[in-house]
Amino acid sequence: MGKVGIVSYGAFIPIHRIKVDDIAKTWGRDGETIKKGLGVYEKSVPSLDEDTATISVEAARYALARARINPKEIGAIYVGSESHPYAVKPTGTIVGEAIGATPSLMVADYEFACKAGTAAIQSCMALIETGMIKYGLAIGADTAQAAPGDALEYTAAAGGAAFIIGKDGVIAEINGTYSFTTDTPDFWRREGRKYPAHGGRFTGSPAYFRHIINATKCLMEKMGTKPEDYDYAVFHQPNGKFPRAVAKMLGFKEEQIKQGLLCPFIGNTYSGSSLLGLAAVLDVAKPGERILLTSYGSGAGSDSFDITVTDAIESFPREKAPTVSQLINRKNYIDYAIYAKYRDILYWE
Amino acid sequence: MREVAIIGVGLTKFGELWDKSFRQLITEAGTKAILDAGIKGSEIDALYVGSMSPGRFVGQEHVGALVADSSGLSVMHIPATRIESACASGGMALRHAYIAVAAGIHDIVIVGGVEKMTDVVGSEATNILAMAADQEWEAFFGVTFPALYAMIARRHMYEYGTTREQLAMVAVKNHENALLNPNAQFHRKITVEDVINSPPVATPLNLLDCSPISDGAAALVLCPLEKAKEYTDKIVKIIGSGQATDSLALHGREDICTFMSTVKASREAYKQAGIQPKDVDVAEVHDCFTIAEILAIEDLGFVKKGEGGKAVEEGLTARDGEIPVNPSGGLKAKGHPVGATGVAQVAEIVLQLRGEAGKRQIPDARIGLAHNIGGSGASCTVHILEAV
């Protein structure tokens, strides 16, 4: 047994899509300007019967389909989300029951805006390193909320990814991780409120950029690496512009981020965002390739990971579950009226 | 009455200054003004500070004492007074400092203007600013400042044929000027099409017709003219100061396309200065919205009523025009931290008259004018400055 790492992974994106043009039209805005401004063309929309629990279960089942492990060997499940269906009662227990991992199991739900899923990976790593568990299941999933007409509505999407962490049969070793955290209130949702509030441009330089840049730089310093040492880089994707900008600022090239940059086609899946990007990279990665992953969660913090793909990926049955690319292309367009119904915006008594 | 000189100016950068607090901003501007004047803090006799709504923006009232305290002047126990007159708070603070020096009550006076607006979300800032309208007759019914100025713009277009493009040209010119002002909030060239295609706010005004929400501060040091020579060779004196008032609500006016407060305050200032509008070499006017600059240049007498739009289109107010208006970038592009604006306008005129305005310097500027409006024209101050 070697280093702790990713044993398997699975992704899930709801089938429905709404075009940015349709949202813009509803609010009397120019779709072209918004698409250009955000670098996003369409976003995924959860159906009425989809939520963070169902997305987490789908992604976890796909991860298990590829893993060839007994679900009973999973000793911990941590689900990171900012749209847990219950305020009190965990999502993780639903997932645990659905995949047959109960009852000898540690479970807790995580919340750290869009980075709770990567925090879940770190917790699983620690439990495995200490020998407390054999496998851990870390999930980042969301059905992101946006107030009708708010700028967030163009990007707030749904999706998630699940990662089985362990030391046995590792397809990608996690060489190191580093977190950069401060109290920076750039985006929040108070208890009992339906929609989040945000600080507009304050979510940019003092929030997203400061945290991602520092986490990534400190990780690279710790690992003794440079941007060119990585074959792929994945950054949190609140829109299509920020990850490109932060990559450039850190010295990464477009070719390194292209495979994991999904936001233009599915929107911002919040806790699922950077993890779906990582899943998309693992869909194509070859042995020896190195991946940099940096998440971002408002409030605020970033978790950065240095990952190396192992030879085990050659025999890993990726085909037993859909690739991220297949999930993105499996789509059904809906208009704003259907969107309003699915997102429970309509009001009746 | 004594003649009064401005011997020091201090400005912070304007913009979304998330890492600077209210007191840091005003202290920075004040310190710069004191250093510029070459005075000692112990020489200051009194302090005036203009600020519109620190109570709502940052939860702080009693800012006269706060500013004295944070700048180290409270140990001298000098009088410190906060002046509020909505967006004209800065110009009004200067006017009252000027009166105190001219009257011989104080000798060396420091005047500040400050607003810290980005600690609240945009919608809250709009509500706070709307407190400068008539709460009972305007704001209560949902009217905000963009809406009030939009009504003025529509009427102006109807009465005088002012075009959408002419409104946009005000923003284009001021953004162009701001490119040369290192303290400006925006360094971004825009086109008439950009303005016309920007998101609508209140028809006909779009986002790029509106001044931004900003943080910033400005400060000036005043002293009697006869004392100014002790501190500087580049003396700028105040040769005219006017203040006027109009009905708080727009519906109380005979003509919403004329700000009588501007007309009255400017005529008072021109009379005191003994000059005509055509004698002004450079002006900073209150362009909180593009239509406001058109109104200002008409009401100040630079052009006839109704010809403001045409004047902008023909380049009369460009940096190389007959009367350069808002070489700093104006409220539109330099930024509009409301309490700071009136003081910052005068600071720009002082720099222009000293020949220290850098790349945006208007050649041979001798006489400059600063025009500061509160609300939708209910308050106005006009100051005319001359290089000695």
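Just so we're clear, the structure is a prediction, and the values are computed from it rather than from any experiment.

Residue and element names in this part refer to chain A. Spatial ordering of the open sheet is given by β3-β2-β14, a layout of 3 strands whose pairing is mixed. Each end of this open sheet is capped by a strand with a single partner; those strands are β3 (42-45) and β14 (332-333). Summarising the sheet, strand β2 (residues 16-19) and β14 pair through 2 bridges and their orientation is parallel. Pairing of R17 across the sheet is with Y333, part of β14.

Further remarks concern the confidence of the model for chain B. The predicted model of chain B averages 97 in pLDDT, with 100% of residues at 70 or higher. Note on the complex model: pTM 0.86, ipTM 0.71.

Of all residues except glycine, most have a negative phi; of all peptide bonds, most are trans. All names here are of chain A. Each neighbour pair has its own omega, and for T102 with P103 the value is 0°, a cis peptide bond. With respect to the element layout, P103 can be found in the loop between α4 (92-99) and β5 (106-110). In this model, A113 sits at a positive phi of 45°, which is unusual for a non-glycine residue. Considering the arrangement of structural elements, one finds A113 in the loop between β5 and α5 (116-129).

Glancing now at the interface of chain B and chain A. Between chain B and chain A, the contact holds 5 residues from the first and 6 residues from the second. Looking at the side of chain B that touches chain A, its residues break down into 3 nonpolar, 1 polar and 1 charged.

This brings us to the domain arrangement of chain A. Residues and elements named next belong to chain A. Domain parsing of chain A yields domain 1 (5-171 + 322-342) and domain 2 (175-312). The straight-line distance from the C-alpha centre of domain 1 to that of domain 2 is 16 Å. At the interface, 44 residues of domain 1 touch 41 residues of domain 2. Put simply, the parts of the chain that give the side of domain 1 that touches domain 2 at least two residues each are β1 (5-12), β3, α5, β6 (135-143), β7 (158-166) and α11 (324-329). Here the side of domain 1 that touches domain 2 gets 5 residues from one element, more than from any other, and that element is α5. In terms of residue class, the side of domain 1 that touches domain 2 is made up of 24 nonpolar, 15 polar and 5 charged.

Cut-off values and rules
All residue numbers refer to position in the chain's written sequence, counted from 1. Chain labels run from A onward and ligand labels from 1 onward, assigned in the order the entries are written. It should be noted that, the model being predicted, local features are given only for residues of pLDDT at least 70 and side-chain atom pairs only at 80 or more, the latter also being counted only at that level, while totals for whole chains, interfaces and linings use all residues. Paired strands are those between which DSSP finds at least two bridges. Under the scheme used here, helices are H or I runs from DSSP no shorter than 4 residues and strands are E runs no shorter than 2 residues, and both carry numbers assigned from the N terminus. The pLDDT value expresses, per residue, how confident the predictor is, ranging between 0 and 100. Our contact criterion uses C-beta atoms placed from the backbone: two residues qualify when those atoms are within 7 Å. When residue character is reported, Ala, Val, Leu, Ile, Met, Phe, Trp, Tyr, Cys and Pro are called nonpolar, Asp, Glu, Lys and Arg charged, and the others, Gly included, polar. All the domain ranges listed were derived from an automatic or database domain assignment.

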